[in-house]
Amino acid sequence: MTFKILHISPYYLPDTNFGGPTFSVSSLCEALVKSDVEVTVFTVSYHKEDELPKKAIINGVNVVYFKGDFGTPCQWSQQLLDALKKEAGNYDIVHLNTWWNLLIFKSLAIVKSLDIPIVISLRGMLGQYSFTHRKTLLKKVFQEQFGNKLLNSATILATSKLEADEVNERTGRPLKEIPVLPNLINLKIRPTMTLGNQPGFKIGFLSRLHHKKGIDNLLQAIPGCPHVDEVIIGGDGDEIYVNSLKDEVNRLGIAHKVNFVGWISDDMKTDFFQTFDIFVLPSYHENFANVVAEAWGAGKPTIITPEVGLSNFVEQYDVGWLCEATPESTAAVINQAFNEKHLWERKAANAQQLAADKFTNDRIINDYMQLYKKIANSKRTNIVLGINAYHADASAAIYKNGELLAAVEEERFTRVKHFAGFPKLAIDFCLKEAGVNINQVDAVTFGRDPQAKFANKLKFALAKPKALQYAIKGRLSNAQKSQNVTDDLRHHFPESADTLKHKIHFIEHHRSHLASAYFASPFRHAALLSVDGSGDFTTTMLGVGKDLDISVIDDIDFPHSIGIFYSAFTQLLGFPHYGDEYKVMGLAPYGKPVYNREVEQVIQILPDGKFKLNLEYFRAPEKGYVHYNEDHVPVIPVLYSRLLEEKFGVARKKEEPLTEHHKNLAASVQAVTEKVIFHLLNHLHQLTGLTEVCIAGGVAQNSVANGKIYANTPFKKVYIPPAGHDAGLSMGSALYYQHHILKQERSLKIASPYTGTYFSNAEIATVIKANRLSFNLYSKPELYEAVANCITDGGVVGWFSGKSEFGPRALGNRSILADPRRADAKDIINSKIKRRESFRPFAPSILQEHVTEYFEQTADVPYMEKVFVIKADKRALIPAVTHADGTGRLQTVTKDINENYYNLIETLFKKTGVPVILNTSFNENEPIVNTPQQAIDCFLRTSMDMLVLEDFVITRKDIHS
């Protein structure tokens, strides 16, 4: 079905008197048409001879011109408004352009009454300049009394961060609800500048000649800029104003330097930009400034004011200089630019790269399409509940119109680690967070498919003399589990039993894993890899994600599994429980990989890009590798055969000490595992030619291997979700259903990992008082100060803040925190609080902007999913988070993802000069704490010095007083 959009604008081509806004609207409409969108524009004609209304096709866009009743630009058109009432219902979206216009106000009211999705581009009209020039009091009163109410029904689209901030200030709308998408400008990337030998330089200006553009500042600055040979001014405007500028040029005595060249059409710009060296726009206000992006595309360094919408890019990407909107500042910065002539070529190259990365139409139009469809779909609510049940790390996740509202593991409620039953409490939590009941859920997805690979399973069973009875038993068990999820849902929601069975969708295990990574990533086209123990008879799956499709290109069947290989050696090393593999990963740096050759006889790399196990070293696969006890806890039988013990020594008993042999074996197993993973990834790259990859599955939790992907494969960008293990199947199955099956548009914004429980200060106060504990209640700045002081004094803090994390790692909301500079911090936490093996490391959470100072590699690592090498000169500064091999499993912290945690680390940084904090999960041999009471219990039975529950602080001395 064709997507249909109606644009309403008081100006459109061929009228160009209103400059940039006209071209912004027309460029967007033309690009939409090229994307197979049916676009119609309602506008007014400024030609009195026209018979109106009149239809025309302008560059592929259907344009209807109506009679304007008064105003320039037109303030009212009864013809247009009458047509809007009749025809608006034929469109999926109505997009309004500009503000402070009666025609737009009335159009907004009409479309709102018809309950049609509305987008409005205000074109900078809520900026400070607008409220300080012309009818200022009237504008302020109207906006406060009527304007904000009118806008409540619309999605307000900003073209820059500056404009989004202005909209936020004037309307109170949260920034996260104001999409920022650049104008489309038909950008042309032109040859970069080459410096000549001329002693001076030329300045260019291009815009509508209007007071707002600050051209008076530029002209008054020129007498103070002796090295400026020529000022080339492009554009036209009101004749009286233009003449006043020319008079000013004569008064200043700079007529020999200033050249007014008049209107510059789009096809003239290529030549125009080659006539000068530096582009200057000292404007009082620009919500975007198309011409600045065009100048960057032409490889021109720029001088602009902070009031220009694109100003945030200038210093961030080193493409020019910023000046204030005054003649003095403009002159000073022009002279600075001349003195920094040696930087021009670098800034020019940066400018072109920025233009290519951020402002090309192909990139921007995809974002517009995604936004349009998301808004249109918001009128058609679609709720999907994903679950992982009867499998380790049972969980639930819920989406509304593609937006993740909640996700949580059942173990957080049952307090049973790796709980593998039916996640009824997680389901209830998700429904409550979404504000819906089960009847409002459109689909329930389950991250396994018992029908998957039936022929492969049968072939495997028939090939083994004893396998058939196990296969039949396993087949019946799978069928029973599938029936169980249906029955348990119906029992849990008896009033909806009849309708629920028709809403359940089974999604293959590894396809769910792939979807959990790809559809949550920022990539539009990526290679995909899922690796774990086994699921639906597959252990490894390779694929490609492109837009809304996931294609499987290769896979490996059970029993050949990296997960099983790693788990077998985990058991041999004396760690028998499900999920103990991370202990081997932590032990490996204490040894040397001296057994690589022997370990490679257990798992063999194949020339076709795959691998296989030497099954003589393992338990007979037909007997199965995992089962679940009556308490829904995963139990792994001994996975290895007697031959593995003969080869590598008798299995270590849990209470026996770790010897050099054990450490060396752990190092060898980790090294061989990495080799196999890189072999798979290099094969995947050969198959796809892509440089972006998404990885999920239990093996994707091997953060040491993840951190080495950049150095050992051609992949340049790697995305691993916060719950890459089986808990992520709830998210993945829902994502696969929404996007791959329903073709619902996806968001390219990385989802927050903070999707679990939250408790208000009022709820926490009730719990504290019930425990009869003394406390202090702080403001946020006071809280950061108190916690930072405790940590710098050598204290250990339990930090319970915001929503809980989804996944196995604490990411700053349910964390135990300490000073990374203390060499004894690791031993204190391991022995007195966590009560765990001394060799296991703790993670450094670091402010993202300081990663390059402390780590050899630079990348976003928001979910603690990669281990990087810490720079040699920094290891002594942060010994508590530096592992035996000089590495750290870092978490990069940004203000936009976790402001509270960021502010705490920043406060600590100001005190210590170290932008790092030691972070480990808030628990003691149990699932991560989920409630204030559980946090208090853990605090009381351990030796933590301080407990933070949102804004409440409880100290050890408060307990003893």
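Conventions and cut-offs
- Residues numbered from 1 in each chain as written.
- Predicted model: local features only at pLDDT ≥ 70, side-chain atom pairs only at ≥ 80, totals over all residues.
- Heavy atoms only, no water.
- UniProt positions renumbered as here; feature names shortened; annotations may be inferred.
- Helix = DSSP H or I, 4+ residues; strand = E, 2+ residues; numbered from the N terminus.
- Buried < 20%, exposed > 50% of the residue type's maximum accessible area, 1.4 Å probe, protein only.
- Contact = heavy atoms within 4.5 Å.
- Polar contact = N/O pair within 3.5 Å; in protein donor to acceptor, adjacent residues only side chain to side chain.
- Pairing = 2+ DSSP bridges.
- Axes fitted to C-alpha atoms, helices over the stretch in contact; angles between N-to-C directions.
- Disulfide = S-S within 2.5 Å.
- Expected span 1.5 Å × (residues − 1).
- Arc of directions from axis to C-beta.
- Right-handed = clockwise from strand over helix to strand, strands pointing away.
- Salt bridge = Lys/Arg side-chain N within 4 Å of Asp/Glu carboxyl O.
- Phe/Tyr/Trp six-rings, centres within 6.5 Å; stacked < 30°, edge-to-face > 60°.

The protein is annotated in an unreviewed UniProt entry as Glycosyltransferase of Polluticaenibacter yanchengensis. Here the protein is described in UniProt, under the heading Sequence similarities (unreviewed entry), as follows: "Belongs to the NodU/CmcH family."

## With respect to the environment of H211
In this fold, H211 is placed in the loop between strand 8 (201–206) and helix 6 (215–221). The exposure class assigned to H211 is partly exposed, which follows from its relative accessible area of 31%. When near neighbours in sequence (up to four residues on either side) are disregarded, H211 contacts Y129, H133, D216, Y241 and Y284. Within polar-contact distance, the side chain of H211 engages the side chain of Y129 at 3.2 Å.

## With respect to the sheet that holds strand 9 (residues 228–234)
Taken in spatial order, the six strands make up an open sheet running 10-9-8-11-12-13, and their pairing is parallel. The open sheet terminates on both sides in strands that have one partner only, identified here as strand 10 (258–262) and strand 13 (320–322). The mean angle between the axes of side-by-side strands here comes to 20°, regardless of whether they run parallel or antiparallel. Here two bridges tie strand 8 to strand 11 (residues 278–281), and the two strands are oriented parallel to one another. Bridge assignment links I203 to a residue of strand 11, and that residue is I278. Strands strand 8, strand 9, strand 12 (302–304) and strand 13 of the sheet are contacted by helix 11 (residues 327–339), whose axis makes an angle of about 155° with strand 13.

## Let's talk about the state of the cysteines
Structurally, a disulfide amounts to a covalent bond that connects the sulfur atoms of two cysteines. Under the counting rule described, the total for this entry stands at zero disulfides. With no disulfide partner, C790 has as its closest neighbouring cysteine sulfur the one in C938, 15 Å distant. Given the relative accessible area of 13%, C790 is considered buried.

## Details of helix 12 (residues 344–358)
The end-to-end C-alpha distance of helix 12, which contains 15 residues, comes to 21 Å, matching closely the 21 Å that a straight helix rising 1.5 Å per residue would cover. Inspection of helix 12 places W344, K347, A348, A351, Q352, L354 and A355 among the buried residues, and these make up the whole buried set. The buried residues of helix 12 occupy an angular sector of 160° when the element is viewed end-on, so they sit on one face. Structurally, helix 12 contributes buried residues whose contacts are with strand 8, strand 11, helix 9 (290–297), helix 10 (312–316), strand 13 and helix 11.

## Some details on the pairing of strand 8
Of all six residues making up strand 8, five are buried, and the element is well covered by its neighbours. Both strand 8 and strand 9 contribute to a ladder of six bridges, which runs parallel. Opposite F201, over in strand 9, you have V228 as the bridge partner. For the crossover from strand 8 across helix 6 to strand 9, the handedness is right-handed.

## Quick word on the pattern of salt bridges
When charged atoms on two side chains of opposite charge get close, those side chains can pair. Per the stated rule, a full pass over the model turns up 27 salt bridges. Note that D819 is salt-bridged to R821, the shortest N-O span being 2.8 Å. When its relative accessible area of 33% is taken as the criterion, R821 is described as partly exposed. Members of the salt-bridge network, linked through shared partners, are R415, E924, E926 and R941.

## Focus on the pairing of strand 9
Counting buried positions along strand 9 gives six out of seven residues, so the element sits mostly inside the fold. Here strand 9 runs beside strand 10; their pairing, made up of four bridges, is parallel. By the bridge assignment, V231 is partnered in strand 10 with V258.

## Focus on the environment of D860
Tracing the sequence through the fold places D860 in the loop between helix 31 (851–854) and strand 32 (866–869). Between the C-alpha atoms of D860 and I233, which are 627 residues apart in sequence, the distance is 43 Å. For D860, the contacting residues outside a window of four places in its chain are Q848, E865, K866 and T892. Here the side chain of D860 touches Q848 through a polar contact of 2.2 Å, side chain to side chain.

## Some remarks on the packing of aromatic side chains
Applying the stated criterion across every chain yields a total of 32 aromatic pairs. Their ring planes at 65° and their centres at 6.2 Å tell us that W100 and F142 sit as a pair that is edge-to-face. With a gap of 42 residues between them, W100 in the loop between strand 5 (93–97) and helix 3 (102–113) and F142 in helix 4 (residues 136–151) connect regions that are remote in the sequence. In this structure W100 comes out as buried when scored by relative accessible area, which is 16%. Geometrically, the ring pair formed by F313 and F359 is edge-to-face, given 5.6 Å between the ring centres and 80° between the ring planes. With F313 in helix 10 and F359 in the loop between helix 12 and helix 13 (361–378), this residue pair connects regions lying 46 residues apart in the sequence. Across the pair, exposure class does not vary: F313 and F359 are buried alike.

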